[in-house]
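Geometric and topological summary
Here's the letter readout for the chains.
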Amino acid sequence: MNGLSGRRERWWATAILLALGLLALLPLAAPRDDVLNFVFLILLSITMAQSWNIVAGYAGQVNLGHAAFFGLGALVARILWIGGTPIALAMVAGAATATAFALLIGAAAFRLRGAYFAIGTLALGEILRTTVNNVLPEISTLPARTIAGYRLTQRYYLALALAALSVLAVAALAGSRLGLGMRAIREDEEAAEATGVDALKLKLTALALSTGLAGLAGGLFAFYHISYYPSHPFGPHWTFDALLMTFIGGVGTLPGPVLGAVLYVVLKEYVALRWVDFHLLIFGALFIAIVLLLPGGLVQAAERVRRLAGR
Amino acid sequence: MNVLEQQLLLGLFIGGLYGLAAAGLSLVFGVMKVLDVAHGELIMLGGYMTVFVVAFVGLDPFVALLLVIPLSLLLGVALYWGLFSFVVRADEETRVKNSLLIGFGLALALHALAVQLWTADERSIVTPYAGAVITVGELSIPLVRLASLAVAFALIGGLHLLLARWRWGKAIRATAEDWQAALLTGIDVRRAYLLAFAIGTGLAGAAGTLVTVGYSVSPSIGLEWTLKALIVVVLAGLGSMIGTFVGGLLLGVAEAASAATFGGPYREVVGLVIFVVVLVVRPRGLFGR
Amino acid sequence: MLEIRDLQAAYGDIRVLDGVTLTVGPGEIVALLGPNGAGKSTLLNSIAGLLRPRAGAVSFEGEDLGRLHAHRIVDRGVALVPEGRRLFGGMTVAENLELGAFASRARATKAAGLERVFALFPDLRERRRQLVRALSGGQQQMVAVGRALMTNPKLLMLDEPSLGIAPRLVRAIMDALAEINRGGVAVFLVEQNVQAALGLAHRAYVLESGRIALQGPAAELLRDPHVRRAYLGPLAVRE
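Keep in mind the model is a prediction, meaning the values are calculated, not measured.

So, on to the overall build of chain A. From N to C terminus, chain A includes 15 helices and two strands. Its C-alpha radius of gyration of 19 Å places chain A within 12% of the 19 Å reference for a compact globule of 311 residues. Seen through its principal axes, chain A has C-alpha atoms that stretch 60 × 45 × 35 Å. Counting across all 311 residues of chain A, residues that qualify as buried make up 51%. Counted over contacts in chain A with a minimum sequence separation of 6, partners at least 24 positions apart contribute 80%.

Listed below in structure tokens is the structure:
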């Protein structure tokens, strides 16, 4: 997991935020639903990948139950929103629930190290998904009145704001002492503790930040979709997608999850026209190659090329 | 009353398959310190192999095992050479983490491949004796599932003997205990890894056959079976294949009991909750002996 | 027989061996002394192939060992009893010994090897069905030496065989090593118990900070003031 220097991170943050700023003009330039839906998907993916990147990339804790927090955010936000709460408030409540749950289980889950944390969180995510599926088996559909007032651009701008927020959060984290401590834990937890880093506290902070963003993304999902099964956002593929995007782009870097998300959604949408799920075959193979050969993902590859060219 | 007993009996039958699924995973993890989360997908592939052997060669599914197991062994050899031989070069902690990630990528790829090749539909195998039932008192025992349990038990027993008696079986156990010491006694540890992985994949293939005969196979069953196998491995610990099998039986019965108590939909949750609790209570020691 | 020339080894960035040159001849008992952290275990592990050296050469009977896998080195007749014994605790004494004869050169001599081990350590014959885990430290050390002997070695290397063992058993192990050596096996011994090691060895080297600081016949080193001060302690100096 090769990080980037502080200057490169800031350069990337500026570039990404500029690009997101330009995307704010898209509804004016091309007010087509298919285009907006496509970009919406990218933006949601950026938020999810970036949120996963905080806990896995920076703090080094491979959380395979990330979908649980996305799902909790969606569940709470949806119920409150349909009940009449303003969406912003409903989303914040959803995120707060996700974070509260994360902190509740975090202290126990972080007793697990490395791969055991990963499979423990995977099981936890499955417990939540199964339970929600049992308790709320009925599909959740918006009331007719809400559907009548549905405006895609609202959702689009909200997604844009969340993606920008996630990039800003990671940029701030990457340059801070907090982020430095997290990276120390990622490299060697015992050594980090020996130098005075409170590992549990930092890991919980990373998890809270990560799950808060995932909870907001869940709220956005609840706001965006007209009907879905309540257990759907708890599905493990939400975690797996975030993981793939982050690793392929470059885990533990700021631009990695963004690049990964763009590439992933573009390929998925393009390939899905002809072959169902074929993108997973490509990304599965690409992912294996990256873990084995290029642990820093595309960002690392780009850095290598840049250094070679600069010579 | 006899409804409950009937349910527990069916739990025992599926528990045998959990045990078989877990044995392969346990062997691979114990020997190589590689956590292959694509194990469920290997079971899935075994299921499809069985479907095709039965359809095109016209064999009885239980006889088809004689083809499915060797084919799965070969698949295991290929996967070891192609992927996991690169993972075992790393130190132990990196090894577990990387193997998890690689297994994960493999699981995705195999799942997608299965959907491409065979569509997402469920398939099962109907034998002429599918409906046959043996009645003991008030219990009715489906013949296919009884046979599956017997086959699973026989495979575990065979594996146990293989590890206890065969020269390379002992080498595999020695490697599991201390791979450096194994090297010092002249054991080619890479070869022990290859054998363990191939056998683990062979067991997954066999489990796939039994799953398809007794239940059904679809490209998406992988994750569920990986989780079941992980739960059993965590419960039973490493080292004893018989112990792993018993752990599988227990999980099957526990699931059936909880389904009977809390209602069917909670069948899955019980095992997962036990799993998480055991993990957290014994965060380091659980995979130890 | 064993020739090491200018060997360098490191863990990550930390250099442990900084150009070690030494030899062990056929039929010799050579001791390697030195303080903790001097690199003694690293040297043995490099010879055995558990660790790849950075530079330098290790050759055995004229063959370069640097390119061989650890299990092949065993097959050439170089055995190591590692520090802490590293036995297969969940297996029986007999299984541990049998595994020693895994390499092809040892398979043919398995039965004879087993008799040789039981003759050397009669205790083990009675306990051969017991799990190694249940044995005492000294008995485990016997199994460890026995397992290495089962590989039918020409050179037997031992890393701290007396560590954590009752004094009475240290004597038994040292006697066994002398006996093994009389059978024509060269012995290369790393030992903290300098008195015992120099009492047994023909020649010795002193390794300090990754370099050979001193070498010579064992009897001579036993009289050397530096060795006495550094390794035999004030008691021995007064002696």
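Here we come to the interface of chain A and chain B. Chain A puts 31 residues into the contact, and the matching count from chain B is 33 residues. When contributions to the side of chain A that touches chain B are tallied by element, the ones reaching two or more residues are α6 (114-135), α12 (236-249) and α14 (278-293) of chain A. In terms of residues, the side of chain A that touches chain B owes the most to one element, α6 of chain A, which gives 13 residues.

Counting from both sides, the interface comprises 17 residues of chain B and, opposite them, 22 residues of chain C. Listing elements by their share of the side of chain B that touches chain C, those giving two or more residues are α6 (167-177) and α7 (179-184) of chain B. Among the elements that make up the side of chain B that touches chain C, the one with the highest residue count is α6 of chain B (five residues). Residue composition of the side of chain B that touches chain C, by class: seven nonpolar, four polar and six charged.

For the rest of this paragraph, the subject is the packing of helix α3 (residues 33-58) of chain A against helix α8 (residues 152-174) of chain A. Residues and elements named next belong to chain A. Interaxial distance between α3 and α8 falls to 9 Å at its minimum, and their mutual angle equals 25°. Overall, the two elements α3 and α8 adopt an arrangement that is roughly parallel. In the packing of α3 onto α8, the handedness of the crossing is left-handed. From α3, Asp-33, Leu-36, Phe-40, Leu-43, Leu-44, Ile-46, Thr-47, Gln-50, Ser-51, Asn-53, Ile-54 and Tyr-58 reach across to α8, where they touch Leu-152, Arg-155, Tyr-156, Ala-159, Leu-160, Leu-162, Ala-163, Ser-166, Val-167, Val-170 and Leu-173. A class-by-class count of the residues in the contact of α3 with α8 yields 16 nonpolar, five polar and two charged.

Generally speaking, a soluble globular protein has its nonpolar side chains buried in company with each other. Leu-220 of chain A, Leu-20, Ala-21 and Ala-196 of chain B together with Met-157 of chain C are the most contacted members of the largest nonpolar core, which totals 290 residues. The element that contributes the greatest number of residues to this core is helix α1 (residues 2-32) of chain B, accounting for 16 residues. When near neighbours in sequence (up to four residues on either side) are disregarded, Leu-20 of chain B contacts Ala-152, Leu-155, Ile-156, Leu-203, Ala-206, Ala-207, Leu-210 and Gly-248 of chain B.

Below, the discussion takes up α6 of chain A. Over its 22 residues, α6 of chain A runs 32 Å from end to end, which matches the ideal 32 Å to within 8%, given 1.5 Å per residue. Most of α6 of chain A is tucked away: 16 of the 22 residues are buried.

We now examine the pairing of strand β9 (residues 203-208) of chain C. Residue and element names in this part refer to chain C. Counting buried residues in β9 gives five out of six residues, a clear majority hidden from the surface. Bridge count for strand β3 (residues 29-33) against β9 is four bridges, and the pairing is parallel. For Leu-33, the partnering residue across the bridge sits in β9 and is Val-206. Relative to strand β10 (residues 211-217), β9 runs antiparallel, the two sharing six bridges. For Arg-203, the partnering residue across the bridge sits in β10 and is Pro-217. Adjacent in sequence and paired antiparallel, β9 and β10 are bridged by two residues, among which Ser-209 carries a positive phi angle near 50°.

Residue and element names in this part refer to chain C. Running from N to C, helix α3 (residues 93-100) and helix α7 (residues 137-150) point in directions that differ by 35°, and their axes come no closer than 6 Å. α7 is crossed by α3, and the crossing has right-handed handedness. Facing Val-93, Asn-96, Leu-97, Leu-99 and Gly-100 of α3, the residues of α7 in contact are Val-143, Gly-146, Arg-147, Ala-148 and Met-150. Taken together, the residues of the contact of α3 with α7 sort by class into six nonpolar, three polar and one charged.

Strand pairing in a sheet takes place through backbone hydrogen bonds and is either antiparallel or parallel in direction. All names here are of chain C. As summarised here, the arrangement of the six strands in space is β6-β7-β8-β3-β9-β10, forming an open sheet in which the pairing is mixed. Each having just a single partner strand, β6 (78-81) and β10 make up the two edges of the open sheet. Sheet twist, expressed as the average angle between the axes of neighbouring strands with direction ignored, equals 15°. Direction of pairing for strand β7 (residues 155-159) relative to strand β8 (residues 186-190): parallel, over a ladder of five bridges.

Criteria and thresholds
- Residues numbered from 1 in each chain as written.
- Chains lettered and ligands numbered in written order.
- Predicted model: local features only at pLDDT ≥ 70, side-chain atom pairs only at ≥ 80, totals over all residues.
- Helix = DSSP H or I, 4+ residues; strand = E, 2+ residues; numbered from the N terminus.
- Rg over C-alpha atoms; globule rule 2.2 N^0.38 Å.
- Buried ≥ 20, exposed ≤ 12 C-beta atoms within 10 Å, placed from the backbone.
- Contact = placed C-beta atoms within 7 Å.
- Nonpolar A, V, L, I, M, F, W, Y, C, P; charged D, E, K, R; others polar.
- Axes fitted to C-alpha atoms, helices over the stretch in contact; angles between N-to-C directions.
- Parallel < 35°, antiparallel > 145°, perpendicular 65-115°, else oblique.
- Left-handed = near helix turned anticlockwise from the far one by under 90°.
- Core = buried A, V, L, I, M, F, W, Y, C linked by C-beta atoms within 7 Å.
- Expected span 1.5 Å × (residues − 1).
- Pairing = 2+ DSSP bridges.

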